[in-house]
Every structure is written in C-alpha cells, then in structure tokens.
Amino acid sequence: MEEVDVEPVITNIPAASHGKHLGFAWGPGDILLFETLYKASGTCSAGSGCAFIHEVRKDEDIYSPILRKLFNESHHIFVGLQTIREDLPSKNKKPQFVSISKNYRSVIRACMEELQQVAVSTKDAQVAMQYGNQVSILLAIELIWNLCEVLFIDAAPAGSLLLHLLDWVRLHKADVDEKARDVLQSESPAEHHDYWDVVMSYVLQGRLDEARQMLMKQANLQCTISPELSMTIPQPGGNQTLTEFDVKWRHWHEEVDRCLQDSSSPATNTWRSSARSILVGDEDTLLAHKDLLSTWYHFLVTRLLFCHPTVKPTELHYYAQSCLTMFLDSRSVPEPLDSILLAAFEFDIHQVIKDCSIALNNWWFVAHLTDLLDHCKLLQSHNLHFGSNLREFLLLEYASGLFTHHSLWQLAVDYFDNCPEFGRVYLELQIERVPLDTERKALKVLRICEQRQMSEQVRSICKVMAMRALRNNRLGSALSWSIRAKDAAFATLISERFLQDYCARGTFSDLDLIDNLGPAMLLSDRLTFLGKYREFHKLYGEKRFGEAAKLLLSLMTAKIAPRSFWMTLLTDALPLLEQKEVGRYNVLLRLSFQEEDLELTKVELLRLALARNLAMAIVKEGTVET
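Residues numbered from 1 in each chain as written. Predicted model: local features only at pLDDT ≥ 70, side-chain atom pairs only at ≥ 80, totals over all residues. Heavy atoms only, no water.

The name an unreviewed UniProt entry assigns to the protein is Nuclear pore complex protein Nup85, from the organism Scophthalmus maximus. Heading Subunit (unreviewed entry) of the UniProt record for the protein holds this comment: "Component of the nuclear pore complex (NPC)." (UniProt positions renumbered as here; feature names shortened; annotations may be inferred.)

Draft legend 1. Layout of the overall build of the protein. When helices and strands are tallied, the protein shows 30 helices and 3 strands. The buried share among the 626 residues of the protein stands at 45%. Looking at the protein alone, contacts between residues at least 24 apart form 61% of all its contacts between residues at least 6 apart. In the structure as shown, the protein presents an accessible area of about 33400 Å², 53% of it carried by carbon and sulfur atoms. (Helix = DSSP H or I, 4+ residues; strand = E, 2+ residues; numbered from the N terminus. Buried < 20%, exposed > 50% of the residue type's maximum accessible area, 1.4 Å probe, protein only. Contact = heavy atoms within 4.5 Å. Areas by Shrake-Rupley, 256 points an atom, 1.4 Å probe, with all protein chains shown as cover.)

Draft legend 2. Up close: the pattern of salt bridges. For the structure shown, the criterion picks out 20 salt bridges. For Arg 207, the salt bridge goes to Asp 177, with nearest N and O atoms at 2.7 Å. Of the two residues, Arg 207 sits in the loop between helix H6 (195–204) and helix H7 (208–215) while Asp 177 sits in helix H5 (residues 175–185), which places them 30 residues apart along the sequence. Residue class for Asp 177 comes out partly exposed when judged on its relative accessible area of 26%. Three or more residues are tied together by salt bridges with common partners; here these are Lys 102, Arg 105, Arg 109, Glu 142 and Glu 149. (Salt bridge = Lys/Arg side-chain N within 4 Å of Asp/Glu carboxyl O.)

Draft legend 3. Broad picture of the nonpolar core. Counting residues in hydrophobic clusters, the biggest one holds 163 residues, and the most contacted among them are Leu 165, Trp 168, Trp 296, Phe 345, Trp 364 and Phe 365. Residue contacts for Phe 365: discarding those within four places in its chain leaves Ile 141, Ile 144, Trp 145, Cys 356 and Leu 360. (Core = buried A, V, L, I, M, F, W, Y, C linked by side-chain atoms within 4.5 Å.)

Draft legend 4. Seen up close, unusual backbone geometry. You will see that Ser 294, though not glycine, has its phi angle at about 70°, which is positive. When you line up the elements, Ser 294 lands in the loop between helix H12 (290–293) and helix H13 (296–307). The phi angle at Phe 347 is positive, at roughly 60°, despite the residue not being glycine. The exposure class of Phe 347 is partly exposed, given its relative accessible area of 33%.

Draft legend 5. Here's a closer look at the side chain of Gln 457. Assignment of secondary structure puts Gln 457 in helix H22 (residues 455–471). Beyond its immediate sequence surroundings of up to four residues, Gln 457 is in contact with Glu 428, Ile 431, Glu 432 and Cys 449.

Draft legend 6. Structural context of helix H14 (residues 316–327). Here H14 contains 12 residues, and its C-alpha end-to-end distance of 16 Å stays within 8% of the 16 Å for a straight helix at 1.5 Å per residue. Of the residues making up H14, those classed as buried are Leu 316, Tyr 319, Ala 320, Ser 322, Cys 323, Leu 324 and Phe 327. Here the buried face of H14 lies against helix H3 (125–153), helix H4 (160–171), helix H11 (283–288), H12, H13 and helix H15 (336–345). (Expected span 1.5 Å × (residues − 1).)

Draft legend 7. Representation of the confidence of the model for the protein. Looking at the protein as a whole, the pLDDT averages 78, with 74% of positions reaching at least 70. Contacts for the low-pLDDT stretch residues 1–6, under 50 throughout, to residues beyond four places or in other chains number 6 contacts. Segment residues 593–598 is flagged for pLDDT under 50; beyond a separation of four residues in sequence, or across chains, it makes 13 contacts in the model. (pLDDT = per-residue confidence, 0-100.)

Draft legend 8. Main features of the environment of Glu 114. Within the fold, Glu 114 resides in helix H2 (residues 90–121). With a relative accessible area of 25%, Glu 114 lands in the partly exposed category. It is 9.3 Å that separates the C-alpha atoms of Glu 114 and Val 135, two residues lying 21 residues apart in sequence. If we ignore the near neighbours within four places in the chain, the residues touching Glu 114 are Ile 66 and Lys 69.

Draft legend 9. Spatial organisation of the packing of aromatic side chains. Evaluated as defined, the whole model comprises 18 aromatic pairs. Judged by centre distance (6.3 Å) and plane angle (80°), the rings of Trp 363 and Phe 393 are edge-to-face. Linking Trp 363 in the loop between helix H16 (349–359) and helix H17 (364–375) with Phe 393 in helix H18 (residues 390–402), this pair joins segments that are 30 residues apart in sequence. Note on Trp 363: relative accessible area 21%, which makes it partly exposed. Seen in terms of ring centroids, Phe 403 and Trp 409 are 6.1 Å apart; in terms of plane orientation they differ by 40°. Their pairing is tilted. (Phe/Tyr/Trp six-rings, centres within 6.5 Å; stacked < 30°, edge-to-face > 60°.)

Draft legend 10. Region of the structure containing the environment of Ala 548. Topologically, Ala 548 is positioned in helix H27 (residues 545–558). With relative accessibility at 0%, the residue Ala 548 sits in the buried group. Taking C-alpha positions, Ala 548 is 8.3 Å from Glu 535, a pair spaced 13 residues apart along the chain.

Draft legend 11. Representation of the packing of helix H1 (residues 65–82) against helix H19 (residues 409–417) in the model. Taken N-terminus to C-terminus, the directions of H1 and H19 make an angle of 25°; their axes are 11 Å apart at the nearest point. With respect to each other, H1 and H19 are oriented roughly parallel. Between H1 and H19 lies a crossing whose hand is left-handed. Facing Phe 71, Asn 72, Ser 74, His 75, Phe 78 and Val 79 of H1, the residues of H19 in contact are Leu 411, Asp 414 and Tyr 415. Classifying every residue of the contact of H1 with H19 by side-chain character gives 5 nonpolar, 3 polar and 1 charged. (Axes fitted to C-alpha atoms, helices over the stretch in contact; angles between N-to-C directions. Parallel < 35°, antiparallel > 145°, perpendicular 65-115°, else oblique. Left-handed = near helix turned anticlockwise from the far one by under 90°. Nonpolar A, V, L, I, M, F, W, Y, C, P; charged D, E, K, R; others polar.)

Draft legend 12. Just the packing of H3 against H4, in detail. Relative orientation of the contacting elements H3 and H4 amounts to 170°, with a least axis distance of 10 Å. In terms of orientation, H3 and H4 fall into the roughly antiparallel class. Here Glu 142, Leu 143, Asn 146, Leu 147, Val 150 and Leu 151 of H3 lie close against H4, whose contacting residues are Leu 161, His 164, Leu 165, Trp 168 and Leu 171. Classifying every residue of the contact of H3 with H4 by side-chain character gives 8 nonpolar, 2 polar and 1 charged.

Pasting the structure below:
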C-alpha cells in the first residue's frame, strides 16, 4: 500500500504579526516560538519585540489528567509482558498474549468511559469538545487493536473467525443496545419510533433470539414471528469439523430461502420481507440498510455471516475490499481509519503500524501494539535501515515523549531498559534533561542512575545539587552531594568553607554530618582534616586530653591543615599544656611551625605561653629529681 502524502497541520501562533521574524528553539517534545527584532532581510528593527514566548506541543495528550491513567496502567502491563519467558512453547504463550491484549483494551475502555463522563458533565463547551475528540480517537484505537487481536494475536481459524468478528462488531456497535433499552423502558415499546430499527439491527448482527424477544412486544400479535426467525443460525465450535458446520449452515440457509420463496408464507409487510432477504444475504437489501449498518466493516461482517460463514483468514482481504467499494459512495474518499482496517484485513501488519503512526497524534498505540506483536514473533523479519528494529524505534520515540512530562518521565525508564540496542544511550541523554526542581526529585533521578551504573550521570547530578546547595549556603547538603559524587576538588572547597565558618563563629554547623563522615573523609586531605579536627573537639569535650593531644599532634605533623588554620591549631594546643595527662616536653618539641606567616602579636603571645609552660615543666622536673 503506497504511503499517502499528508499535509502538515497548520498551527496558528497568536500575537505573531504578519511579516515578523520568528525565532524558535527545538525541545525534546515541543517547540518554543518567539518574535524577534529582526526583519525578514536580517536587519534589526527599532522598537521592542513581542513579550510572549509560545510553546507548540507535539503531544498534548500527556498533559491530560485522565489520559495519564492510560499511560500509567499500560506501563504496568508492558512491564509484565517483558517477563514472559522466551523459551516457553508458542501454544503456552498464546493465551497469555491474548490476555495481555485484552488488558490493554480494558485500560483504553476505562479511560474512554471516564472521558465521556467528563465531556457530558462539563459546562465548558471547549473542554467538552476536547474530551469528545479524545473519546473518538480512543474509540478508533480500541477498534483497531481489537481487530489486530482477532487476526494476528489470537489468529482465529476459519469458522471461529466469524464468531470473533461478530463480537468485534457488536462491541463497537453499542448504540443498538442503547436504543433497545430506550425502547423497552418506554410505555409502549412497539409504538416507539426506534422499535423496528432495533429489530432490524438485531437481525443484521445475527442476534435472532433478541429480535424474537423484541417482536414479542407486539401487543396484538397480528404480526406473527416469521418461521425463518425462529430458526437458530448454526454456530461453529464444539467437536464438529468445519465441514460438518458448513453442511449444517447450508441446510439452514436452504430452509430460509425456501421460506422466502414459499407462497404460503407471504411477506405481509416490509420489515418481514427485508428480514428474509437479509437472512439469505441479499446484497441490495443489506445496502438498503446503510443507516443501520453505519460502516463498511459492519456490512462486511453481516455479509460474511449470511453468505460466507466459513471464510478463511486469507480470503478476508477480497471481501473487505469489495465491501468497502460497495458501501462507500463513488465520490467518497476512504478515511485514514478505513485504510488502516483494510490493511489489517490484508494482514499487512507493517502497513497498519505505518498508517497509525501517521494518523494518530502520539506513539502510545503503535509502541505498545508493536511490542506485543513482536513478542508474538510476528515482526521478526522487519528491520529498519537505520539501526534498531521497528519495535525498539517506536518504544524509543514513545519513551522520549514521556520524558518531557514532569512526572511521566519515570515510566519512560522501563521502556528504555527494554530496548537492548539504543535504550541505554537514549536514557543517558534524556536523564540529563530532567529538571532537578527539588532534592527529592534529584534523589529519584540519582537512584535510577546508580541502579544502572551510570557513573557519569551520577557525578553530574551530584555536582549540580552540590553547587546549588553551596550557593544557598547549605554547606552540609553541599558536602553530602560532593561526597556522593566522589568529587575531591569540590569536597576540598566545601571543607574550606566549613573551616572558615568555624574561625568566624567558633562552632561547626551540620555536626551530624561531620561526626559521621566515616571512610568518606578520605576523599580529600582537607576533608580528612575537617573530620579529624572535629574528632579532636569531641575528645577535648569529653576530657580525654591525652587522646586529644595525640590527635592534635598528628594533625600538626601530617601538614594537611591549611596554612590559614595553623594559628588556630596552636591556640587549641595551649589548654592541653596545662593538663597533667599531657607530657609537656613531647608537646613542646613538636611545636615547630614556621612563623613567618603568623601574626607577630599572636606569635609573641604564644612564645610567652610556651616559655611559661617550659619553666613550669623544668621546675616540676627538678623537684621530682630532688
């Protein structure tokens, strides 16, 4: 089937004056448009530009709160489908695939019903129209999916194929049952204006039992039920072979035809004559009821029911094409939906997917249907010329669209995970575009990256969050993010800020974090110094002076302290000299810092304090020796 050239939809941009130069910026799922100061010739014009930036969205559906339920629920079904083992025999997997297909359709139905309720209840005409359009799209999607389920996934053989097609039509021709309810609830059903339409609709769908029950509502019973309506249409199935079913059906058909020709049971009214003609499959009579059939595919199934009930799947395309030609006016052009259904009846799966991709406004349908068909091994021979296979290409496109949404991006991760060729590359590119609005969201993104060993993205996220925290003067959070990023340079910078704050205020902030650094303090020398210096303060506060002095001496000799902090260390050493637990000679011998950079006044004070402590040490030592 040749690809149909489709004219692009024109989107009017409000407030964009004619002749103005427009600038634009492409996004992953939308375009930003804005007026510029430039003329068409490229020169700059005087005056101010337009104050508005217009966002042109490719896929508006992901912003619908009701349709978001469709995306969420179908995601769970998709993930479950990926868990079906490949090594299972096909006969064991087929019922599972059919069940999954029905689950997808039930989700579509649920969203459709909710959209209908909102469309009816809302007082906003524009909103009602929007929801009404979405309902129409979902109806078409469910119609196509159901047919694909019958023809491709369930792959019904001749005989039972017709039963599945009848169920398909009845499900999507629900207005018959609605009319029947209205008729039966009226005071006089036989007088209702839709009474005969309901009877004939039942006959057209092969529902003769319901047609008989409706005819029983005739009060005077002058119109007795025709004998042909009393005969049940033979049904395939059970233990009978297709040949046995065909014999039974032909016998029934002959009986109906005999009743039609029997002069003893003349057609006393129009509806009875029409009913008899329908039962023998008269095409002119069927086409005379176009208003009740409403669609060519309903006409197709009715024609098959009364003329070719043992139709084989390979013969469907012939009948489908002829019914489409017969049903549509010669001047009518098939709608996109007609072309898609016709391609399905032709068993051209790839054309169905191609036409749906063109006709629908998002990738949800084609991505999930293609994935299911691929699991059924129906697309194995079809690869694209530019890399991945059709399944992966469509899943990547769908997941990329989800990443533009503030919450649905989380669903997209599982779709990328199940694209073995390019999924990880797409995820790495898309995850970096997720706005890290809050720390909670950043942690979600980080967890996803860590689970998949995406080390480069982990470092990038942590650096962004650390820098943001530092700008907001949240040193504890900044240090935590830098440690998580394993960024030694940034951890050194933040440690310096902690030490500067300590010098300015005399206390540490975020003590819980610093007290529990553990092995993380080894990330950089400055972070190690910060952690150990805080440990010194804890030992001093607990009056464990000997351990505190030993730790302080190790910090002095390791030379990992910033030069601007030397004076603070010397000042911290002085109180220890007064303690009995500390050997004064050991301390004094190790206080050998270069003094050229220290403030002279403080140096003199330190010298005085050290000289005093040295004198006390000599006197006490001499006293002990005496």
